[in-house]
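Below, each chain spelled out in residue letters.
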Amino acid sequence: MSNNSSIPLRVAKFGGTSVADFDAMNRSADIVLASPAVRVVVLSASAGVTNMLITLSEGNAAEQRTHYLYEIRRIQYSIIDRLSEKTLIRTEIDQMIDSIAMLSEEAGLATSLALTDELVSYGELMSTRLFFALLQQRHVAVAWFDVRQVMRTNAQFGRAEPDNHILKVKTRRLLLPRLASELVITQGFIGSERRGRTTTLGRGGSDYTAALLGEALNAGRIDIWTDVPGIYTTDPRVVPQAKRITEISFEEAAEMATFGAKILHPATLLPAVRSEIPVFVGSSKEPSAGGTLVYHDAGHPPIFRALALRRRQTLLTLHSLNMIYARGFLAEVFNIMARHAISVDLISTSEVSIALTIDTTGSTTTGASLITHTLLAELTTLCRVEVEEGLALVAVIGNQLSQGGRVGKEVFSVLEPFNIRLICYGASSHNLCLLVPGSDAEKVVRALHSSLFG
Ligand code: ADP
Ligand code: ASP
Ligand code: MG
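Residues numbered from 1 in each chain as written. Chains lettered and ligands numbered in written order. Predicted model: local features only at pLDDT ≥ 70, side-chain atom pairs only at ≥ 80, totals over all residues. Heavy atoms only, no water.

1. Let's talk about the sheet that holds strand β13 (residues 304-319)
Here is step 1 of the chain: The strand order across the open sheet formed by six strands is β14-β15-β13-β16-β18-β17, and the pairing between neighbours is antiparallel. Sheet topology places β14 (344-349) and β17 (422-424) at the edges, where each strand pairs with a single neighbour. Strand-to-strand twist of the sheet, defined as the mean angle between neighbouring strand axes without regard to direction, takes the value 30 degrees.
Here is step 2 of the chain: Pairing between β17 and strand β18 (residues 431-437): three bridges, direction antiparallel. Bridged to isoleucine 423 within β18 is leucine 434.
Here is step 3 of the chain: Against the sheet, helix α10 (residues 329-339) engages β13, β14 and β15 (353-359), with an angle of about 20 degrees to β15.
Here is step 4 of the chain: In the packing of helix α11 (residues 373-380) onto the sheet, the strands contacted are β13 and β16 (384-398), and the crossing angle to β16 comes to about 105 degrees. (Pairing = 2+ DSSP bridges. Helix = DSSP H or I, 4+ residues; strand = E, 2+ residues; numbered from the N terminus. Axes fitted to C-alpha atoms, helices over the stretch in contact; angles between N-to-C directions. Contact = heavy atoms within 4.5 Å.)

2. Some thoughts on the UniProt feature "domain: Aspartate/glutamate/uridylate kinase" (unreviewed entry) in the protein
Here is step 1 of the chain: Following the UniProt record, the feature "domain: Aspartate/glutamate/uridylate kinase" (unreviewed entry) maps to residues 10-282 here.
Here is step 2 of the chain: Between the C-alpha atoms that bound residues 10-282 there is a distance of 14 Å. The span itself is 47% helix and 16% strand. (UniProt positions renumbered as here; feature names shortened; annotations may be inferred.)

3. Observations concerning the pattern of salt bridges
Here is step 1 of the chain: Within this structure, the stated rule accounts for 22 salt bridges.
Here is step 2 of the chain: Of the charged contacts in the structure, one is a salt bridge between arginine 90 and aspartate 81, with a shortest N-O distance of 3.6 Å.
Here is step 3 of the chain: On the basis of relative accessibility, which here comes to 29%, the residue arginine 90 falls in the partly exposed class.
Here is step 4 of the chain: For the salt bridge of glutamate 442 with arginine 311, the shortest nitrogen-to-oxygen distance reads 3.0 Å. Of this pair, glutamate 442 sits in helix α13 (residues 441-452) while arginine 311 sits in strand β13, and the two are 131 residues apart along the sequence. (Salt bridge = Lys/Arg side-chain N within 4 Å of Asp/Glu carboxyl O. Buried < 20%, exposed > 50% of the residue type's maximum accessible area, 1.4 Å probe, protein only.)

4. Observations concerning the site of ligand 1
Here is step 1 of the chain: Near ligand 1, the surroundings consist of 17 residues, among which Thr226, Asp227, Asp235, Arg237 and Lys262 are the closest.
Here is step 2 of the chain: Between ligand 1 and the protein, one listed contact pairs a nitrogen atom with a backbone N or O atom of tyrosine 232 at 2.9 Å.
Here is step 3 of the chain: If ligand 1 stood free it would expose 570 Å²; the protein chains cover 90% of that surface.
Here is step 4 of the chain: A class-by-class count of the residues in the shell around ligand 1 yields seven nonpolar, five polar and five charged. (Near = heavy atom within 4 Å. Polar contact = N/O pair within 3.5 Å; in protein donor to acceptor, adjacent residues only side chain to side chain. Areas by Shrake-Rupley, 256 points an atom, 1.4 Å probe, with all protein chains shown as cover. Nonpolar A, V, L, I, M, F, W, Y, C, P; charged D, E, K, R; others polar.)

5. Quick look at the UniProt feature "binding site: substrate" (unreviewed entry) in the protein
Here is step 1 of the chain: UniProt marks Thr50 and Glu124 with the feature "binding site: substrate" (unreviewed entry), using the numbering shown here. These annotated residues cover 75 residues of sequence, and their C-alpha atoms all fall within 8.4 Å of one another, placing them together at a single site.
Here is step 2 of the chain: Its place among the elements puts threonine 50 in helix α2 (residues 49-57).
Here is step 3 of the chain: Mapped onto the elements of the fold, glutamate 124 is located in helix α5 (residues 113-137).
Here is step 4 of the chain: With a relative accessible area of 2%, glutamate 124 lands in the buried category.

Take a look at the structure:
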């Protein structure tokens, strides 16, 4: 499908820090207005708001509730106070905060994932209303759009999966026609299931929303504006010497996102890769500092590209003597996992045991553990189960890793001081994964970074 404008349209997404306060919102508005090709703006909640809403959804004591409601109101009011026309937007935000208060009282009686998603959605609803008001006051032809009209998902609250077909049809019918005359402001992260109840796409899901809308609109580019000027060789918060990668292939960036580089939600690149839409990552604080372009053919791929770190990993070790010569044991284990909607990450096997890791980081909005009593009970009918928590996964991302002789020297040689719980190497030529105690994770990343990129 092609859109009407001569330049392919762009979708721009701004994360929490880029809409944290009035000045940040204004800078983000400047970025949008500097690119006429940007027709859709996807926003996260203002920094910190989602975390507070999640806490409220956990059903707290009245005192704590009052504190978080006060904080949320303070963030919104600090933006409203700097707008020239305040009355209308203040009434709207007050109504939303009343709804948040009511829902958090409900959560005090009984919590549920559906209730959490409804509560949490107010973060994005408020930030988009405020940004919309700000642009209106800058005399921009702008529209506010409720993304739940098009972002149909399944009913897996907390980490809902979008229905691409419905999303495309509805986007083209309800959103596309508006873009010729209006700049559209909409929410990341939230969606709605068949019955109209609000869902969320998992923590950090606004990146994914931008990519999905970009795909549905046949965008020419997706811009992700955040608080760092691009994708680095590793998280610059962990290794300040990390270097910016100016161009990176879809595959490499997708590996980084999958293995925990928080800069992109793990699913962000799926739509972009499928539809070959370049993704730009830059900092809304320093838009002129450049950034990273993720696209199809990003130059000569190096052996070592980046390091990613994913915390809160769980290792399950399953022991059974029946495994020797047995057939179908693994299939049974995976069936149980599938019934519990758990995706297994790394796996290593011996004759009488299997070790597998499960990712429990931000996959759900609340970060609730995926290992339930029922899951363990079912696995125990097959084998003896050991659970180790608090581990971290360090992934070396690169190209043709399984063929290069440099891995032994440059990766394994620096690991000597550390207790490496599990290694996965050889299945993919793009990654080498190490499971380490959570307390060693940053040290391992620093040691590897200085060996591979120093
Ligand atoms: P936003 O709210 O804009 O979505 P996030 O906090 O989700 O921002 O993502 C940006 C953060 O990702 C950065 O501040 C940085 O600490 C972290 N990060 C992790 N890995 C990388 C990496 N390889 N390159 C750049 N930033 C990274
Ligand atoms: N506001 C949501 C979160 O904090 C989504 C996002 O920021 O992408 O997870
Ligand atoms: Mg993010």
